[in-house]
Amino acid sequence: MKEIGIETEFITLGQLLKMTDTISSGGMAKWFLSEHEVFVNGEAENRRGKKLRPEDTVSIPEVGEFRIVIAEGMSFDAD
């Protein structure tokens, strides 16, 4: 499961689709969600404006699984 770090209170499902390169533009979100299954915390979701907060999980069959995390405090040290 890939972690997606966010610096805001939430991101939308449409933003996540773009961040993960699942879609190439934000305008494709509505189409993608009408044609493909997407699950948020195990439940089917088709609203591009669905707010995703830290600890939410998103599963997109044939694309991957993602978990929203807080970007602040993440360590990028090589140690």
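What comes next concerns the included structure.

A few words on the pattern of salt bridges. For the structure shown, the criterion picks out 4 salt bridges. The closest approach of N and O atoms between Glu9 and Arg53, which form a salt bridge, is 3.6 Å. In this pair, Glu9 sits in the loop between strand S1 (2–6) and strand S2 (11–12) while Arg53 sits in the loop between strand S5 (51–52) and strand S6 (57–60), placing the two residues 44 residues apart along the sequence. A residue is classified by how much of its surface remains accessible, and Arg53, at 33% relative accessible area, is partly exposed. Of the charged contacts, one joins Arg67 and Glu55 as a salt bridge, the two residues approaching to 3.3 Å between their closest N and O atoms. With a gap of 12 residues between them, Arg67 in strand S7 (residues 64–70) and Glu55 in the loop between S5 and S6 connect regions that are remote in the sequence. Relative accessible area serves as the criterion here: at 24%, Arg67 is assigned to the partly exposed category. For Glu55, a relative accessible area of 54% puts it in the exposed group.

This paragraph deals with the pairing of S7. Inspection of the sheet shows S1 paired to S7 by 5 bridges, in the parallel sense. Across the sheet, the residue bridging to Gly5 is Val69, located in S7. In the sheet, S6 pairs with S7 via 4 bridges, with the strands oriented antiparallel. Counted as the bridge partner of Ile60 is Gly64 from S7. Where S6 folds back on S7, the antiparallel hairpin that results is connected by 3 residues, among which Glu62 adopts a positive phi of roughly 70°.

Next up on the list: the sheet that holds strand S4 (residues 43–44). What links the strands of a sheet is backbone hydrogen bonding, and the strands pair in either a parallel or an antiparallel sense. If you trace the 5 strands from one edge of the open sheet to the other, you get S1-S7-S6-S3-S4, paired in mixed fashion. In this open sheet, the two strands that pair with only one neighbour each are S1 and S4. Pairing of strand S3 (residues 39–40) with S6, which is carried by 2 bridges, proceeds in the antiparallel orientation. Across the sheet, residue Val40 finds its bridge partner in S6, namely Val58.

Thresholds, definitions, all that
- Residues numbered from 1 in each chain as written.
- Predicted model: local features only at pLDDT ≥ 70, side-chain atom pairs only at ≥ 80, totals over all residues.
- Heavy atoms only, no water.
- Salt bridge = Lys/Arg side-chain N within 4 Å of Asp/Glu carboxyl O.
- Helix = DSSP H or I, 4+ residues; strand = E, 2+ residues; numbered from the N terminus.
- Buried < 20%, exposed > 50% of the residue type's maximum accessible area, 1.4 Å probe, protein only.
- Pairing = 2+ DSSP bridges.

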